[in-house]
Amino acid sequence: MNLLPPEDPKIAKKQGFRSLKLLNVDLEQVIGEQPFGVDYGRLDNGLFYYVRSNPKPRMRAALALAVKAGSVLEEEDERGVAHIVEHLAFSATTKYTNHDIIKFLESIGSEFGPCQNAMTSADDTVYELFVPVDKPGLLSQAISVLAEFSTEVRISKEDLDKERGPVMEEYREGRNATGRTVDANWVLMMEGSKYAERLPIGLEKVIWTVSAETAKRFYKKWYHLSNMAVIAVGDFSDTQSVVELIKTHFGHKTSEPEPPLIPAFSVPSHEEPRFSCFVESEAAASEVVISYKMAVVELKTVRDCRDLLAESMFLHALNLRFFKISRRKDPPYFSCSASADNLVHPLKAYIMTSSCKEKGTIKALESMLTEIARIRLHGFSECEISIVRAELMSDIESAYLKRDQMQSTSLRDEYLQHFLRNNPVSGIEYMAQLQKTLLPHISASDLSKYAEKLRTSCSCVIKTIEPRAFAVVDDLKNVVSKINNLEKENKILPWDEDQIPEEIVTLKPNPGYVVQQFEYSNIGAVELLLSNGMRVCYKCTDFFVDQVVFAGFSYGGLSELPESNYFSCSMAEAIAAEIGEYGYKPSVLVDMLAGKRAEVDNTIDAYMRLFYGDCSPTDLETALQLVYQLFTTNVTPEDEVVKLVLQRSEEEIRAQERDPHTVFANRVTELKYGMSYFYRPTRISDLRKVDPLKACEYFNSCFKDPSSFTVVVVGNIDPTIALPLILQHLVSTITYFILPLPGDFCILYYVLPFSIQGGIPEPSKPVLHFNREDLKGLPFTFPRTIIRESVYSPMVEAQCSVQISFPVELKTGAMIEEIHFVGFLSKLLETKITQVLRFKHGQIYSADVSVFLGGNKFSRTGDIRGDISVNFSCDPEISSNLVDLTLDEILRLQKEGPSDEDVSAILEIEQRAHENGLEENYYWLAMILNSYQSELYSGDLGASFEIQDVARSKVRKSLTPSTTQLALQRILPFPCKKQYMAVILMPQKSRLKSLTSFFRSSQTTQAKILAGLAGLTVLVLGLRRYSRITRKS
């Protein structure tokens, strides 16, 4: 197998990876310690800095302040303080008070929210900003914010008391099924180490009671400038001026004369494996997790780089085997994957995770351990090695081609890892040369050595997770003993390989032709009407040299089905995917696509059928071949495949029934949209009625008629290369002859090419060919009265979710403008509700406002119906009060309107998002698709696009406090309290808890909180959630 596919000479001339020279390497050569491509230095006060100019995205900068201080440094009475300090940084500093930092970020279009601005892990804390730099002073002010974080965080009793609620809500959000299982595994992994006792989120008791003095003591001790670095990567005219800004804002700052010694915390190894059978009644699936711990090895030499490549190949080859096993008859698991991860500073782990049917954990464990033993005994085949080598070489090429188009956030993250983990930054070009040189010389025997690290005697931790107890520790031990004995006796057979076809399409289709061509200068796009009726629009961009994205849609989906066919046809996607909708089973296709950067997927929704994907320009033909296969393959039911799909679906349904949040979501849907078969959750009894033949026939018909599809392609396209490929794979050859008639008339006869190999043929009669006006609408009946309801669900630990929804109906006429108004209003509501519930009252972690406008079918004449929903989680005891506060704030905005600052902030956020999007292929793909699907589209794409663009500009120019107030009155019910739906997920109380609550009812609110805390048992620590940068504000 070639490591890379043949390259078109026109593309090769522009991209040049194939001509990249190989290196003469010395395996012991040290990789450069100085970071590449950056102004790197240290101020007199000890602060490190990294500054790099990078044009992607234009006029933006990605900033960070990294602090080598995390939760592992906390004393017993400080457990959670590192994370609390991170929260307080955004609350108040010497220069900024009352959340002025957040107001500043929003005023310049840089959003604040969960997981966006800061994160605390066991080992470090990182603050991140992504800011525009197109106006004077913005960069300087953003750097001054980071400087405030370094030494000027104000930690007062008032500040701390305000932030306890949001931190506690973040804590509560993590106490779900996933959090508990991750925590339990972490305890096993880190046993005997301080890491096992230091979650970044901390202890509930500390969150509620820690004093400002204790938090300040931690901050002053560990936030030492010598343990910090500031990183700035962005569209700078020169880096030296940015360095001077850093010196201006940081240079005068001082810390204690002697920096604190950061202790090293080890994690003990163990020869005997550790076992755990964890029962989690709300678990989403039965799982097996096998972890192998080892010391972190820093990447310093060429040999280390070679070892890392070999490790990547090993994991890739192993995952391919796991995937193929999951697609066999009666598989031991539904999915399985392996990865390597640096969990904490001293510890790395290989982690294998499988998801299986209930009571299937023992079988899954046996299969996972057997595969590792098989590799130790027999290794990988040369075919497997060639596949993973081609895959990695393709990844290396892709990284090299995009070297000048790296996002500033990605480069910032590289420098963060250089400072925090000593990871080398040697530049993409050098690493591509080095990896291209090393990769062909890594052999099967090199990969097999990694299986030696995956022995159960190598600090191994084995854990099962089940909703109901089935496996016990002795079962796990017996499996380990069984596989070890089979390996010793050499009774494990070699891997049985599949035959891999060479070509996706064996006979090249005869090309069709273009019937009409239109150019739209306002979009920079060309539209083609092809001879089989398919409409193709392409836009050439240079945003990303190695990316082409595409999507095709046709009207008519699941809403057209009668109830008798709905459940069978709703399973069509899942069944077809397992059979192989592209002509080959998934386990075979994955090998055929090795080394190719091309992905295609499809979906069938209420009103449309869609296919979509992305690829490298060099693999555009492969992507188009997959689309061709989608339209020309007829899937037929296979009993074993159907059995697997239905079994997997049944497990998912059972998991949803266990999950309180799914129970809540289902009830919300029922209240909003009624009990229509389309909206109600699938039941196990529905699965029993699925007709596989009907499902396959429906899927085949969904992607049969090309004349009903419109396809949009955006990216680095060379039309002279792409157009012939489109004509060959998307268009059938149509033979025709002309019969002259008297005068100037003639008859044009078409001969449809069903007897010859061609592109996608047009069927003899239309198949699922719908006019958008004739689509069947879904039953949508938002309640006309006020509904306030609590959904009580059994829970292991108390969780509470709130959704407040309002009906929306947009009338034909000014609908396009109204849709833009909805977008602005949703952002305004999200910002203001967060300000009230989090920053004023300190009771939530975050609020989200979602918009649904799919209540009606696509139509040029009909109205749009849907809803706007406010979502947040909170303490169950105050949930009803928070609903009232939310309604009060929305009503206040309807009656008084927002402030000038509020309107300015949402305009700035929208504008910055729009500017960023204009440099993204996916953004343009979405805008062109929206133009085709707009109610105003009547055949002229350019006109439809222009109307939407003008509407956006018109709304932006008109947006003032008064027009926003009127929009709130017009689009939402006014007053908002006259029609809304508020649904609250509440823990179902036992009689004992209800009695306890009654006796507590006379106590003060603070006493209630403390009494509740005393009765809780907190499980500690989590795996990936806490090992990496995980506690985010």
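Scroll up a little and you will see the structure.
These remarks concern the structure in this document. (Residues numbered from 1 in each chain as written. Predicted model: local features only at pLDDT ≥ 70, side-chain atom pairs only at ≥ 80, totals over all residues. Heavy atoms only, no water.)

Here's the deal with the packing of helix H18 (residues 572-579) against helix H21 (residues 639-658)
Reasoning step 1: Between H18 and H21, whose axes approach to 9 Å, the crossing angle comes to 135 degrees. Classified by the interaxial angle, the pair formed by H18 and H21 is oblique. For the element pair H18 and H21, the recorded crossing hand is right-handed. Residues Ala574, Ile575, Glu578 and Ile579 of H18 form the contact with H21, whose own contacting residues are Val641, Val642, Leu644, Val645 and Arg648.
Reasoning step 2: In the contact of H18 with H21, the residues fall into 7 nonpolar, no polar and 2 charged. (Axes fitted to C-alpha atoms, helices over the stretch in contact; angles between N-to-C directions. Helix = DSSP H or I, 4+ residues; strand = E, 2+ residues; numbered from the N terminus. Parallel < 35°, antiparallel > 145°, perpendicular 65-115°, else oblique. Left-handed = near helix turned anticlockwise from the far one by under 90°. Contact = heavy atoms within 4.5 Å. Nonpolar A, V, L, I, M, F, W, Y, C, P; charged D, E, K, R; others polar.)

Regarding helix H14 (residues 428-438)
Reasoning step 1: Of all 11 residues in H14, 8 are buried; the element is thus mostly enclosed.
Reasoning step 2: Every buried residue of H14 is listed here: Met431, Ala432, Gln433, Leu434, Gln435, Lys436, Thr437 and Leu438. (Buried < 20%, exposed > 50% of the residue type's maximum accessible area, 1.4 Å probe, protein only.)

A look at the nonpolar core
Reasoning step 1: Formed by 108 residues in total, the largest nonpolar core has its most connected members in Leu530, Met534, Ile575, Phe611, Phe631, Phe703 and Leu730.
Reasoning step 2: If one sorts the elements of this core by residue count, helix H20 (residues 620-632) sits on top with 8 residues.
Reasoning step 3: When near neighbours in sequence (up to four residues on either side) are disregarded, leucine 530 contacts Tyr513, Val514, Val515, Val536, Ile726, Leu727, Leu730 and Val731.
Reasoning step 4: Grouped together as the second largest cluster of nonpolar side chains are 86 residues, Leu65, Val72, Phe90 and Trp208 included. (Core = buried A, V, L, I, M, F, W, Y, C linked by side-chain atoms within 4.5 Å.)

Things to note about the environment of valine 796
Reasoning step 1: Positionally, valine 796 belongs in the loop between strand E21 (787-793) and strand E22 (801-810).
Reasoning step 2: With relative accessibility at 42%, the residue valine 796 sits in the partly exposed group.
Reasoning step 3: Each C-alpha atom of the pair valine 796 and glutamate 280 lies 8.5 Å from the other, and the pair is 516 residues apart in sequence.
Reasoning step 4: Residues in contact with valine 796, not counting those within four places in the same chain, are Arg180, Glu280, Ser281 and Glu282.

Observations concerning the sheet that holds strand E9 (residues 335-344)
Reasoning step 1: Taken together, the 5 strands give an open sheet; going across it, the order is E7-E11-E8-E10-E9, and neighbouring strands pair in mixed fashion. A single partner strand is all that each edge strand has here, and the edge strands are strand E7 (274-279) and E9. Going across the sheet, the axis of each strand differs from the next one's by a mean of 15 degrees, ignoring polarity.
Reasoning step 2: Pairing of E9 with strand E10 (residues 347-356) involves 9 bridges; the strand directions are antiparallel. (Pairing = 2+ DSSP bridges.)

A short note on the pattern of salt bridges
Reasoning step 1: One pass over the structure, following the stated rule, counts 66 salt bridges.
Reasoning step 2: Residue lysine 672 pairs with aspartate 867 through a salt bridge whose shortest N-O separation is 3.2 Å. Of this pair, lysine 672 sits in helix H22 (residues 660-673) while aspartate 867 is found in strand E24 (residues 864-873), placing the two residues 195 residues apart along the sequence. The burial state of lysine 672 is the same as that of aspartate 867; both residues are buried.
Reasoning step 3: A cluster of three or more residues bridged by salt bridges with shared partners is formed by Arg60, Asp134, Lys135, Glu908, Arg912 and Glu915. (Salt bridge = Lys/Arg side-chain N within 4 Å of Asp/Glu carboxyl O.)

As for the packing of aromatic side chains
Reasoning step 1: Summed over the entire model, instances satisfying the criterion amount to 28 aromatic pairs.
Reasoning step 2: An aromatic cluster is present here, built from Tyr566, Phe567, Tyr673, Tyr677, Phe678, Tyr679 and Phe852 joined pairwise through their rings.
Reasoning step 3: Directly above the aromatic system of tyrosine 400 lies the positively charged group of arginine 403, at a separation of 3.8 Å from the ring centroid.
Reasoning step 4: Above the plane of the ring of phenylalanine 278 lies lysine 463, whose end atom (NZ or CZ) is 4.6 Å from the centre. (Phe/Tyr/Trp six-rings, centres within 6.5 Å; stacked < 30°, edge-to-face > 60°. Lys NZ or Arg CZ within 6 Å of the ring centre and 35° of its normal.)

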